[in-house]
Amino acid sequence: MKPRKVPLRKCIACQRMMPKKELIRVVRTPEANVLIDLTGKKAGRGAYLCGQVDCFRLAKKSRAFDRALKAQVEPVIYDQLEQDFIAVEDEFIANKERAEDDDE
Ligand SMILES: [Zn+2]
């Protein structure tokens, strides 16, 4: 049996390559908002992070979003994202478990 091709993305904090659905996408929209995109489908420049707040904090410390999104991200945005990140973590894990059931 041939394994299914899984699209890989790199976590901007720990630099690990991971299947896309293991990662949380952060997007900079055309309106220059930076937000978490659980659908993975929002328009804009995306950056990926492991679904762990540890990785988020690492990215915050190293300002990895500035590089990944090619824009200066204000500290207040990092703080907001961190709160959002914690808030969506459970939802993200639940979605992931559901996604594992359907075989695309
Ligand atoms: Zn990571």
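The name given to the protein chain in an unreviewed UniProt entry is YlxR domain-containing protein, with the source organism recorded as Paenibacillus cellulosilyticus.

Caption draft 1: Just the UniProt feature "domain: YlxR" (unreviewed entry) in the protein chain, in detail. Under the UniProt annotation, the feature "domain: YlxR" (unreviewed entry) is placed at residues 9–83. The span residues 9–83 is 31% helix and 28% strand, and its two end C-alpha atoms sit 23 Å from each other.

Caption draft 2: Unusual backbone geometry, seen in detail. For Q15, which is not glycine, the phi torsion reads 70° and is therefore positive. Taking the C-beta count within 10 Å as the criterion, Q15 has 9 such neighbours and is therefore assigned exposed. Located in the positive-phi region is K70, a residue other than glycine, with phi close to 50°. With respect to the helices, strands and loops of the structure, K70 is situated in the loop between α2 (64–68) and α3 (75–101). Given 10 C-beta atoms within 10 Å, K70 falls into the exposed group.

Caption draft 3: Region of interest: the sheet that holds strand β4 (residues 34–37). Pairing is antiparallel in the open sheet, where 3 strands are placed in the order β4-β3-β5. Either end of the sheet is taken by a strand with one partner, and the two such strands are β4 and β5 (45–50). Across the sheet, the axes of successive neighbouring strands diverge by a mean angle of 30°, strand direction being ignored. As defined by bridge partners, strand β3 (residues 23–28) adjoins β4 across 4 bridges and the pair is classed as antiparallel. The residue bridging R28 from the neighbouring strand is V34, located in β4.

Rules used in this analysis
- Residues numbered from 1 in each chain as written.
- Predicted model: local features only at pLDDT ≥ 70, side-chain atom pairs only at ≥ 80, totals over all residues.
- UniProt positions renumbered as here; feature names shortened; annotations may be inferred.
- Helix = DSSP H or I, 4+ residues; strand = E, 2+ residues; numbered from the N terminus.
- Buried ≥ 20, exposed ≤ 12 C-beta atoms within 10 Å, placed from the backbone.
- Pairing = 2+ DSSP bridges.
- Axes fitted to C-alpha atoms, helices over the stretch in contact; angles between N-to-C directions.

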